[in-house]
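Observations on the three-dimensional arrangement
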Amino acid sequence: MKPHTVGTIRTVISGELVQGTDELNVHYGAYRLKQIKNQNTILFTSRRIVDWKGLREYFPLVLATDRDYNLQEIPEHITIIQVLNVEEAYWKFVRYYRSLFEIPVIAITGTSGKTTTKEMIRHILSIDRKVAATNLSSNSRTAYLQYLLNIEEDTEAAIFETAVGAPGDILKAGEYFKPTIGIITNIGSHHLNYCKTLEGYIKAKGEMLQIVESSGVLIINPEDSNTRKIDVKSFPGKIIKIGCHWSCHFRASNIQYSLDGMQFSLQHKNRNYQIFVPGLGEHQVYNALCAIAAVHEIGVSIPEAAKHLKSFQKYKKQLQLVDGINGSEILDDTWSITTTSLEAALKVLNEVGKTKKKIAIIGTITDLGSWGYVIHEQAGELVYQIGVDVLITIGLHARIIADYAVKLGFNSPVYTFNNNTLVYDLLDKIVDSDTIILIKGDMYSKAIIELASKLRR
């Protein structure tokens, strides 16, 4: 956070100093007690604080509150700013802080690919710029304040993931970040426990159009069927389309798998560029197109972006190819699971394992609410359409994937398990050096993570 004195903040939030000094510098912000990690933090809260001893290591501390305190019970290293309404004061502070910076701010959403795209952009820009960004895939709403405050005087660009757990999440992110560039990577079927329907989820993702400034830029993939359902005509700014279709502003062609990634030709304004992106799968090409389009809008040339993209370090456990048991190969894709990412993983498995026996181990897809049965059936349809030589599911809901694939006519061997206890023993019998195993689940599935670890060599 760009340091501010209590006096400056007090003026911004229309507060009255009732204890402490206007001269104290504030370096951090919080609106929950557990968010306080450092000294010189300002805490906005209506809650009564009783355990001052538990906060002693963070003194001096600034409290912005609409509560009346008995000053005799307040430690001397606490500065108190009294406000009429603490929530209004908090948002005055947020809006003020964001207004201090006229820099490119990129917001990224999507069912799959947003973390990878964000990291690609961060990697390219960080070569010669000071960049603020969300940390890995940590895109919780409770972290938005700190991410905003990570923008400092010398920050030249910022990139933030804006996840959707429920309707309104992107709108809330917009109140903090006020992005100049928005990216929607794709829209699958996820977080339906709060969005209720696929249409609700698409609408929630479409909130991106409302938070990008009116003179800003929206980057979309028009080849994604659900993204096409968003009325982008309502967006007043510039729209950039990425994809393989001739109408795309950043168009990929001649896509090929290589040893450690993807090669493709990029066409932009009647010029061709050869691009290599680390990471397997055509979905990585789309992530790269989004990243290149975004940094190009900021002023990075395509050749420069392509050069830096070559050294991008993809995340582990995102279609990571490693040695496995009995001389096999493992495609570890245990970062997350949606039908969108499952489709991409199955396509990579079939491409990389053309000459091998292909085994897919699939876990439960979470955050689906009442849509769990339907979405797992959709996953089963993907397995049937794309095909594997052996299908193994782990988890009660994941069994729906197997049952539906068989119902559709999938006739390869199928094994269903409630947990991972017997899976390793089965694999030990049927796996050899001519086998490639995709293990697909999310980072919160203990059964999937444990099995993936045991399968690696």
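Residues numbered from 1 in each chain as written. Predicted model: local features only at pLDDT ≥ 70, side-chain atom pairs only at ≥ 80, totals over all residues. Heavy atoms only, no water.

Quick notes on the overall build of the protein
The following threshold applies: Note on conventions: DSSP H or I runs of at least 4 residues are helices, E runs of at least 2 residues are strands, and numbering of each starts at the N terminus. Burial classes: relative accessible area under 20% of the type maximum marks a residue as buried, over 50% as exposed, and values in between as partly exposed (1.4 Å probe, protein chains only). Every residue pair with non-hydrogen atoms within 4.5 Å of one another is taken to be in contact. Accessible surface is estimated by sampling points in the Shrake-Rupley manner with a 1.4 Å probe; for residues, cover comes only from the protein chains shown. Positive: Lys, Arg. Negative: Asp, Glu. His and the chain ends are not part of the count. Charge placement uses NZ in Lys and CZ in Arg. For Asp and Glu, CG and CD serve respectively.
A tally of regular secondary structure across the protein gives 15 helices and 22 strands. A total of 457 residues make up the protein; the buried ones form 55% of that total. Nonlocal contacts in the protein, meaning residues at least 24 apart in sequence, comprise 61% of its contacts between residues at least 6 apart. Accessible area for the protein stands at about 20200 Å²; split by element, carbon and sulfur atoms hold 47% of it. Looking at the protein, you have 50 positive and 48 negative side-chain charges, and the mean spots of the two groups are 2 Å apart.

Considerations on the packing of aromatic side chains
Formally: Ring geometry is summarised as follows: Phe, Tyr and Trp rings, the Trp one being its six-membered ring, pair when their centres sit within 6.5 Å, and such pairs are stacked at plane angles under 30 degrees, edge-to-face over 60 and tilted between the two. Two thresholds decide whether a charge sits over a ring: the Lys NZ or Arg CZ must be within 6 Å of the ring centre and within 35 degrees of the ring normal.
Per the counting criterion, the structure on display carries 14 aromatic pairs. Ring plane angle 70° and centroid distance 6.4 Å describe the contact between Tyr90 and Tyr176, whose orientation is recorded as edge-to-face. Linking Tyr90 in helix α2 (residues 86-99) with Tyr176 in helix α5 (residues 169-177), this pair joins segments that are 86 residues apart in sequence. For the pair formed by Tyr90 and Tyr176, the shared burial category is buried. By the ring-pair criterion, three or more aromatic residues cluster together here, those being Tyr31, Phe44, Tyr90, Trp91, Phe93, Tyr97, Phe101, Tyr144, Tyr147, Phe160, Tyr176 and Phe177. Here Arg48 stacks its cationic end above the ring of Tyr69, 5.0 Å away from the centre of that ring.

Quick notes on the sheet that holds strand β10 (residues 157-161)
To be explicit about the condition: Two strands pair if DSSP finds at least two bridges between them. Helix axes are fitted to C-alpha atoms over the stretch in contact, other axes to C-alpha atoms as well, and angles between N-to-C directions run from 0 to 180 degrees.
Sheet architecture is open: nine strands sit in the order β9-β10-β8-β11-β12-β13-β14-β15-β16, paired in mixed fashion. The open sheet has two free edges, formed respectively by β9 (131-133) and β16 (271-278), since each of these has just one partner strand. This sheet shows a mean twist of 20° between the axes of neighbouring strands, independent of strand direction. As paired elements, strand β14 (residues 250-257) and strand β15 (residues 261-268) share five bridges and run antiparallel to each other. Its bridge partner being in β15, Tyr257 is matched across the sheet by Met262.

Focus on the sheet that holds strand β20 (residues 390-394)
Sheet strands line up and pair through hydrogen bonds in the backbone, either parallel or antiparallel. Read across the open sheet, the six strands follow the order β17-β18-β22-β19-β20-β21; overall the sheet is mixed. Every other strand in the sheet has two partners, leaving β17 (320-323) and β21 (414-417) as the edge strands with one partner each. Along the sheet, successive strands turn relative to each other by an average axial angle of 20°, direction set aside. In terms of strand pairing, β20 meets β21 through four bridges, oriented parallel. Along β21, the bridge assignment pairs Thr393 with Thr416. Its contacts with the sheet place helix α11 (residues 339-352) against β17, β18 (329-333), β19 (357-362) and β22 (435-440), and it is angled at close to 170° to β22.

Considerations on the pattern of salt bridges
Selection rule: By definition here, a salt bridge exists when the distance from a side-chain nitrogen of Lys or Arg to a carboxyl oxygen of Asp or Glu is within 4 Å.
In the structure shown here, the tally under the stated rule is 18 salt bridges. Measuring nitrogen to oxygen at the nearest pair gives 3.6 Å for the salt bridge that ties Glu175 to Lys172. Of this pair, Glu175 and Lys172 both sit in helix α5, three residues apart, roughly one helical turn. Look at Glu175 and you get partly exposed, because its relative accessible area is 30%. Arg399 is the salt-bridge partner of Asp403, the closest N and O atoms lying 3.8 Å from each other. Of this pair, Asp403 and Arg399 both sit in helix α13 (residues 398-408), four residues apart, which is roughly one turn of the helix. Asp403 sits in the partly exposed class, given a relative accessible area of 44%. Under the relative-accessibility criterion, Arg399 is labelled partly exposed at 42%.

Some points on helix α12 (residues 372-386)
Heads up, the condition is: Expected helix span is computed as 1.5 Å times (number of residues minus one). Each direction from the helix axis to a C-beta atom contributes to the arc, which is the arc of those directions.
If you check α12, its first and last C-alpha atoms are 21 Å apart, about what 15 residues at 1.5 Å a residue would give, namely 21 Å. Where α12 is concerned, the buried positions are Gly372, Ile375, His376, Ala379, Gly380, Leu382 and Val383. Each buried residue of α12 lies within a common arc of 155° when the element is viewed along its axis, so the set occupies one face. Among the exposed residues of α12, those pointing more than 90 degrees away from its buried face are Tyr373 and Gln385. Turning to α12, the residues buried within the fold contact α6 (192-195), α11, β19, β20 and α13. Trailing α12 by a residue or two, Gly387 shows a phi angle of about 85°, which is positive.

Structural notes on unusual backbone geometry
In terms of backbone geometry, most residues other than glycine have negative phi values and most peptide bonds are trans. Here Phe59 and Pro60 are connected by a cis peptide whose omega angle stands at 0°. By the element assignment, Pro60 lies in the loop between β5 (41-44) and β6 (61-65). Residue Asn270 is not a glycine yet carries a positive backbone phi of 65°. Relative to the helices and strands, Asn270 resides in the loop between β15 and β16. For Asn270, a relative accessible area of 84% translates into the label exposed. A positive phi angle, close to 50°, is found at Leu319, a residue other than glycine. One can find Leu319 in the loop between α10 (302-309) and β17. According to the relative accessible area criterion, Leu319 is buried, its value standing at 3%.

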